[in-house]
Amino acid sequence: RSGGGGGGGKDRSTALLEERARLIDIEGIEGKGPLRRELITPAVKFDDGSSGERRLWRVVGGKLHQETPTQGGLVVSSGGCYLLCYSFCPGVDATQRRYVLYVWQGSCASRQDIASGPLCLNEVSATVKGQGMQDKAVIQDGKETRHFLIACGGVLVVTSA
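On a predicted model such as this, the values are computed, not experimentally measured, just so you know. (Residues numbered from 1 in each chain as written. Predicted model: local features only at pLDDT ≥ 70, side-chain atom pairs only at ≥ 80, totals over all residues. Heavy atoms only, no water.)

1. What to know about the overall build of the protein
- Scanning the protein from N- to C-terminus turns up four helices and seven strands.
- Traced from its N-terminal end to its C-terminal end, the protein shows the element sequence α-α-β-β-β-β-β-α-β-α-β.
- Per-residue burial for the protein yields a buried fraction of 42% across its 161 residues.
- Counted over contacts in the protein with a minimum sequence separation of 6, partners at least 24 positions apart contribute 68%.
- Of the roughly 8800 Å² of accessible surface on the protein, a fraction of 51% belongs to carbon and sulfur atoms. (Helix = DSSP H or I, 4+ residues; strand = E, 2+ residues; numbered from the N terminus. Buried < 20%, exposed > 50% of the residue type's maximum accessible area, 1.4 Å probe, protein only. Contact = heavy atoms within 4.5 Å. Areas by Shrake-Rupley, 256 points an atom, 1.4 Å probe, with all protein chains shown as cover.)

2. Some words on the environment of Phe88
- Relative to the assigned elements, Phe88 resides in strand β4 (residues 81-88).
- As a C-alpha pair, Phe88 and Tyr99 span eleven residues in sequence and 6.7 Å in three-dimensional space.

3. Some words on the confidence of the model for the protein
- Averaged over the protein, the pLDDT score is 75; the fraction of residues at 70 or greater is 65%.
- Within the model, pLDDT remains below 50 along residues 1-7, and this stretch shows five contacts once partners closer than five positions in the same chain are excluded.
- Low confidence marks residues 24-39, where pLDDT is under 50. Its contacts with residues over four positions away, or in another chain, come to 24 contacts. (pLDDT = per-residue confidence, 0-100.)

4. Focus: the pairing of strand β5 (residues 97-105)
- Within β5, nine of the nine residues are buried, which leaves it mostly tucked inside the rest of the structure.
- Because side chains alternate across β5, one face comprises the buried residues Arg97, Tyr99, Leu101, Val103 and Gln105, and the other comprises Arg98, Val100, Tyr102 and Trp104, equally buried.
- The sheet contact formed by β4 and β5 spans eight bridges and is antiparallel. Residue pairing in the sheet places Tyr82 in a bridge with Trp104 of β5.
- The pairing of β5 with strand β6 (residues 132-140) spans nine bridges and is classified as parallel. Looking across to β6, one finds that Trp104 is bridged to Ile139.
- In this fold, the crossover linking β5 to β6 by way of helix α3 (residues 111-128) has right-handed handedness. (Pairing = 2+ DSSP bridges. Right-handed = clockwise from strand over helix to strand, strands pointing away.)

5. Notes on the pattern of salt bridges
- Tallied over the entire structure, the rule returns one salt bridge.
- Across the pair Arg98 and Asp135 runs a salt bridge, and its minimum N-O distance is 3.5 Å. With a gap of 37 residues between them, Arg98 in strand β5 and Asp135 in strand β6 connect regions that are remote in the sequence. With respect to class, Arg98 is no different from Asp135; both count as buried. (Salt bridge = Lys/Arg side-chain N within 4 Å of Asp/Glu carboxyl O.)

6. Observations concerning the sheet that holds β5
- With respect to topology, five strands assemble into an open sheet ordered β2-β1-β4-β5-β6, the strand pairing being mixed. Where the open sheet ends on each side, the last strands, each with one partner, are β2 (63-67) and β6. Neighbour to neighbour, the strand axes of the sheet diverge by 25 degrees on average, direction disregarded.
- In the packing of α3 onto the sheet, the strands contacted are β1 (53-60), β2, β4, β5 and β6, and the crossing angle to β5 comes to about 165 degrees. (Axes fitted to C-alpha atoms, helices over the stretch in contact; angles between N-to-C directions.)

7. Quick notes on the pairing of β1
- Across seven bridges, the pairing between β1 and β4 is antiparallel. Residue pairing for β4: Leu56 is matched across the bridge by Leu84.
- With five bridges joining them, β1 and β2 adopt antiparallel strand pairing. Each bridged residue has a counterpart across the sheet, and for Leu56 the counterpart in β2 is Glu67.
- Following β1, the chain reverses through two residues before pairing antiparallel with β2; Gly61 in that reversal takes a positive phi of roughly 60 degrees.

If you want it as structure tokens, here you go:
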């Protein structure tokens, strides 16, 4: 299949980003340091956080409780499970949004909250359905990906439970 047209349901900006991604040595860039390599979709490789918007919820007893994200980053408790909805414009078309839905599981979170996190993720996913493309990921405390930290505003502070 030839690369330019972006067939198969891909929008123009996604096809363009995938083309650019082929030219970059991602393994050489992301394979260094304590953060593991992540590839949700090619679009997140080009997101620097400058156009992103964040919404944060804490999962408590199987229900979502809205939290207010701090300006410079996120402060979370290791005893909690959180859902972060991060939306951004991935490229040439500023009207198209991409949503990345993260469930962050604290190291001391209850089993009930950890089990409820992905179910709550589906609830939030249904609210943004049709507004843009979506990616979903579950992140464990201590195994945060590079893009998750970008989505957090560049800083993630984890307090003890």
